[in-house]
Amino acid sequence: MKHTKASALVLAIAVSLMAAAKDKPLYLDTTKPLEERVEDALSRMTTADKIKIIHAQSKFCSSGVPSLGIPELWTTDGPHGIRPEVKWDEWHQAGWTNDSCVAFPALTCLAATWNPEMAHLYGVSIGEEARFRGKDVLLGPGCNIYRTPLNGRNFEYLGEDPYLAGEMVSEYVRGVQENGVAACVKHYALNNNEHWRSNTNVIVDDRALYEIYLPAFKAAVQKGGAWAIMGAYNLYDNQHLCHNDRLLNKILKGEWGFDGAVISDWGGVHDTREAITNGMDLEFGTWTDGLHEGASNAYDSYYLALPYLELINKGEFGTDELDDKARRVLRLMMRTAMDSSKGLGEMCSPAHYEAARRIGDEGIVLLRNEGGILPLGGDKSMKILVVGENALKKMTVGGGSSSLKAQREISPIDGLRAAAEGMATIDFARGYVGDITGSYNGVVTGQNLEDNRSPRELIDEAVAKAADADCVIFIGGLNKSDGQDAEGCDRTTYALPYGQDDVITALAKANPNLVVVNISGNAVAMPWADKVPAIVQAWFIGSEAGNAIADVIFGKVNPSGKLPFSFPVKLEDVGAHSFGTEGYPGIKRDGVDLWDINYKEGVLVGYRWLDTKKIKPRFAFGHGLSYTDFKLGKLTADRTEMDADGNITLSIDVTNTGSRPGAEVVQLYISENKPVVLRPAKELKGFRKVALQPGETKTVTFTITKEALSYFDADAHRWVAKPGQFTAHAGTASDDIRSSLRFKLR
Ligand code: GLC
């Protein structure tokens, strides 16, 4: 009897579950194909519902369809960590007490690792923090190409080479999206400086567009599978990038097959009709009178809100464009907010701090180490003097939308002191006073950097202490203040600010054992470089800054970073600055609030310019030293000729000939021997980071296809590789080629 009752109960439960499952609408059934779910949801939505989901309803979220149980979509900055919660309709932080985050290293540091595994680790980690905070779209990473060292936002990007940037951004995107969080890759496209960013029209030829400025975005879409792209503020071909027919419809969605959503930069939409027809899918941050004049719902004033509905109701537009936008936003929702299988994420975990430190360790670049002054340590009586404001100053607050409320930030001096425990004594001298502020949108560093002494007094103190020290470490560079490494404005000089050159020069005279640690997201002038035996490029490394810098300085970590952009000797050596104001920052049009900037250097950006013009940089793209030594063997190939549809496999041995483990980045550059068009002297087409024990040798191979030999033929509008002679160059920097080999394309 009992069994019968039990089985009846089980049956009843099964039937009710099946009924419930049967009643669950298809669009909510995650076992069903994505496109079927999208179409099912769309079919149940009114025109007003579709309008509601294609524009913001608050500063960082857009509406769902409450009546259908379709959730809101929450976005968050930024590329280096999850922004603190802001008030519904403000930039200012909301003052929550549970929204501190791990500040991961700036993306220049990630690029400097030349290690796609670090990019994937980065993406997974920051995606977990976003997921834990209930965010569906991460407004990052940025991958705009480094065209000028004056660009205030280069610290958020991945350097001057499209291939390196593409390899790194696509892995970051994959990592983020494994959490059911969309990466929103930005700022598409041609947003290569901040000066007049919202009203600058970029003039660029198609070769440079396709060969330099688009490839990283294309990799993010086609290799990384990005679910969202952010339209940039600037204009191209006189159309704003947030509603640019060629860049959004023809190239991104047409040629590349992007099926995700185009999200505007905040305030990047300026016209309803263009936004309807030119590829804008989700409008954020628009400034409307309603926002400040108390209209019932100011967000209804957005260009893609009631103004759009009005044009439909008047019959000027049908709903085809609206359905496409709604489909893309629904697809984005179903990949994120509506993905019931997504993980829970985690926040401020030991794993995330470990990831931040590893990326910092691997990204720091040893630029110079004359006489092997580094690593320090071993001598308990060693007296070290640390000089410079950047040894103290917290760098995670400020710089624009990437600013963070970090749960912790280890300053360089704190990291050095912790690491030197029992090994050396560390004294400090300010050296210079830069920017003593430390707040952004209500987040404050809490530091009091006030110091009213004169530059003379500060230098005199530092010099006096330096004379008495065994070693001096100057820690300076840039910071996140306007006019430095910050969004919304550019640097006005290539030189270090705050009189740092004078301090460094004085210290070099006072003590020959001088190490300069430059903290920046940009190249800077280093007129004193030959007088300083050791120079380290340490980026904005975030929460683990001090620990990572100390790891390298004291040799716990053997540096393996390589520069993701060139350090020219002077600004005039840069292509973008070789054509007057037309080349940068642009020329104002008469009578309108618009500027034109002309990328007259074309494809010759970064080392492409320096190599081709035979200009020696201070430090070259791809440069970075180690505490051990590496030897590269002879570059060999499996054939001397290749067909257009074939490939060629190139191999080279790399050996650690030193006495400690380390990692080298073998770089492969390709040049065409007699091109029929202007081509750079050589271009990066492969790289591999190889860890080696002392005495160990590994063989690195690269398989090259026609794609790596091609240039973009603007007239034919296609990639072309002309039959003829090419040369492969293998080396450890763009100015340190160890072996080259000719081959022929039939
Ligand atoms: C900013 C930035 C963009 C950021 C957005 C939201 O203006 O350009 O990178 O994600 O607005 O803060």
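Here the structure is a predicted model, which is why all the values come from computation and not from measurement.

Definitions and cut-offs
Residues numbered from 1 in each chain as written. Predicted model: local features only at pLDDT ≥ 70, side-chain atom pairs only at ≥ 80, totals over all residues. Heavy atoms only, no water. Helix = DSSP H or I, 4+ residues; strand = E, 2+ residues; numbered from the N terminus. Rg over C-alpha atoms; globule rule 2.2 N^0.38 Å. Buried < 20%, exposed > 50% of the residue type's maximum accessible area, 1.4 Å probe, protein only. Contact = heavy atoms within 4.5 Å. Areas by Shrake-Rupley, 256 points an atom, 1.4 Å probe, with all protein chains shown as cover. Lys, Arg positive; Asp, Glu negative; His and termini not counted. Charge placed at Lys NZ, Arg CZ, Asp CG, Glu CD. Near = heavy atom within 4 Å. Polar contact = N/O pair within 3.5 Å; in protein donor to acceptor, adjacent residues only side chain to side chain. Nonpolar A, V, L, I, M, F, W, Y, C, P; charged D, E, K, R; others polar. Pairing = 2+ DSSP bridges. Axes fitted to C-alpha atoms, helices over the stretch in contact; angles between N-to-C directions. Salt bridge = Lys/Arg side-chain N within 4 Å of Asp/Glu carboxyl O. 1 Å grid on protein atoms, 1.4 Å probe; cavity = no way out; pocket = protein on both sides within 12 Å on 5 of 7 lines; lining within 4 Å. Points joined across faces, edges and corners; volume = space filled by probe spheres on them. Domains from an automatic or database assignment. Buried area = accessible area lost by both parts, 1.4 Å probe.

Chemist: Can you break down the overall build of the chain residue by residue, with the values?
Modeler: Counting its regular elements, the chain contains 20 helices and 30 strands. Taken over C-alpha atoms, the radius of gyration comes to 27 Å for the chain, in line with the 27 Å a tight globule of 746 residues would show. On the principal axes, the C-alpha backbone points of the chain span a range of 85 × 80 × 65 Å. Counting the 746 residues in the chain, one finds 62% classified as buried. Contacts in the chain between residues far apart in sequence, at least 24 positions, make up 76% of those at least 6 positions apart. For the chain, the computed accessible surface area is about 27,300 Å², with 52% contributed by carbon and sulfur atoms. Of the charged side chains in the chain, 81 are positive and 97 negative, and the gap between their average positions amounts to 4 Å.

Chemist: Break down the site of the ligand for me, with residues and values.
Modeler: The local shell around the ligand holds 15 residues, among which Asp-77, Lys-186, His-187, Tyr-233 and Asp-265 are the closest. Within the side chain of Arg-83, one N or O atom sits 3.4 Å away from an oxygen atom of the ligand. Interatomic distance of 2.7 Å between a side-chain N/O atom of Asp-265 and an oxygen atom of the ligand. Protein chains shield 98% of the accessible area of the ligand, which is 310 Å² for the free molecule. By residue class, the composition of the shell around the ligand is six nonpolar, two polar and seven charged.

Chemist: Let's hear about the sheet that holds strand 2 (residues 73–76): which residues, and what values?
Modeler: Sheet strands line up and pair through hydrogen bonds in the backbone, either parallel or antiparallel. Taking strand neighbours across the sheet as the criterion, the six strands line up as 1-2-3-4-6-9 in an open arrangement whose pairing is mixed. One side of each edge strand has no neighbouring strand; the edge strands of this open sheet are strand 1 (61–62) and strand 9 (261–264). Bridge count for strand 1 against strand 2 is two bridges, and the pairing is antiparallel. Opposite Ser-62, over in strand 2, you have Leu-73 as the bridge partner. In the packing of helix 6 (residues 162–177) onto the sheet, contacts are made with strand 3 (137–138) and strand 4 (182–188), and the angle to strand 4 comes to roughly 145°.

Chemist: Lay out unusual backbone geometry in plain terms, naming residues and giving numbers.
Modeler: The step from Gly-140 to Pro-141 runs through a cis peptide bond, and the omega angle for that step is 0°. By secondary structure assignment, the location of Pro-141 is in the loop between strand 3 and helix 6. The amide bond that connects Leu-374 to the next residue, Pro-375, takes the cis arrangement and shows omega of 0°. Mapped onto the elements, Pro-375 comes out in the loop between strand 10 (365–369) and strand 11 (382–387).

Chemist: Which residues make up the pairing of strand 23 (residues 647–656), and what are the values?
Modeler: With seven of its 10 residues buried, strand 23 lies for the most part within the structure. Bridge count between strand 20 (residues 630–632) and strand 23: three bridges; the pairing is antiparallel. Paired with Leu-632 across the strands is Val-654, a residue of strand 23. Of the pairings in the sheet, the one linking strand 21 (residues 636–637) to strand 23 comprises two bridges and is antiparallel in character. Residue pairing for strand 23: Ala-637 is matched across the bridge by Leu-650. In terms of strand pairing, strand 23 meets strand 26 (residues 697–705) through nine bridges, oriented antiparallel. Considered in strand 26, the bridge of Val-654 is made with Lys-698.

Chemist: Hey, could you go over helix 2 (residues 34–43) for me, with residue numbers and the actual values?
Modeler: Those residues of helix 2 not exposed but buried are Arg-37, Val-38, Asp-40, Ala-41 and Leu-42. In this fold, the buried residues of helix 2 make contact with helix 3 (47–52) and helix 13 (320–335).

Chemist: Would you mind going over the pattern of salt bridges in detail, with residue names and values included?
Modeler: Overall, the coordinates contain 50 salt bridges when judged by the stated rule. Close ionic contact of Lys-465 with Glu-461 constitutes a salt bridge, the shortest N to O distance being 3.9 Å. Of the two residues, Lys-465 and Glu-461 both sit in helix 16 (residues 455–467), four residues apart, roughly one turn of that helix. Judged by relative accessible area, which is 23%, Glu-461 ranks as partly exposed. Here Lys-562 ties to Glu-664 by a salt bridge, and the two come within 2.7 Å at their closest N and O atoms. Within this pair, whereas Lys-562 is found in the loop between helix 18 (545–553) and helix 19 (580–583), its partner Glu-664 is found in strand 24 (residues 662–672), the two being separated by 102 residues in sequence. Accessibility assignment for this pair places Lys-562 and Glu-664 in one class, buried.

Chemist: Describe in detail the layout of surface pockets, supporting the description with residues and values.
Modeler: Its boundaries defined by the atoms lining it, the largest pocket holds a volume of some 940 Å³. As for the largest pocket, its lining consists of 35 residues, of which Tyr-163, Pro-215, Lys-685, Glu-707 and Trp-719 are closest to the centre. Examining the composition of the lining of the largest pocket, we find that five residues originate from one element, strand 25 (residues 683–692), more than from any other. For the lining of the largest pocket, the two domains that each supply at least three residues are domain 1 (5–335) and domain 3 (628–745). Counted as a void, the second largest pocket has a volume near 450 Å³. Lining the second largest pocket are 22 residues, with Asn-115, Ala-663, Lys-689, Val-690 and Ala-691 positioned closest to its centre. Among the elements of the structure, helix 5 (116–132), helix 6, helix 14 (350–363), strand 24 and strand 25 are those that each provide at least two residues to the lining of the second largest pocket. Considering each element in turn, the lining of the second largest pocket owes the most residues, six residues, to strand 25. Looking at the lining of the second largest pocket residue by residue, the classes come out as 10 nonpolar, five polar and seven charged. Three or more residues apiece are contributed to the lining of the second largest pocket by two domains, here domain 1 (5–335) and domain 3 (628–745).

Chemist: Go over the side chain of Thr-272, please, and point to the residues and values.
Modeler: Turning to its location among the elements, Thr-272 is positioned in helix 10 (residues 272–277). With sequence-adjacent residues up to four places away left out, Thr-272 is seen in contact with Tyr-303, Pro-307, Tyr-308 and Leu-311.

Chemist: Lay out the domain arrangement of the chain in plain terms, naming residues and giving numbers.
Modeler: Domain boundaries in the chain define domain 1 (5–335), domain 2 (364–553) and domain 3 (628–745). Domain 1 and domain 3 are separated by 36 Å when their C-alpha centres are compared. Taken together, the contact between domain 1 and domain 3 spans 14 residues of the former and 17 residues of the latter. Here domain 1 and domain 3 share an interface that buries about 1,300 Å² over both sides, 63% of which is from carbon and sulfur atoms. The largest contributions to the domain 1 side of the interface with domain 3 come from Trp-114, Tyr-163 and Arg-207, which together make up 49% of the buried area. Summed over the shared surface of domain 1 and domain 3, the number is zero salt bridges. There are five residue pairs in polar contact (both at pLDDT 80 or more) connecting domain 1 and domain 3. Elements with a contribution of two residues or more to the side of domain 1 that touches domain 3: helix 6, helix 7 (206–213) and helix 9 (245–255). Of the residues forming the side of domain 1 that touches domain 3, the biggest block, four residues, is contributed by helix 7. Tallied by class, residues from the side of domain 1 that touches domain 3 come to five nonpolar, two polar and seven charged.

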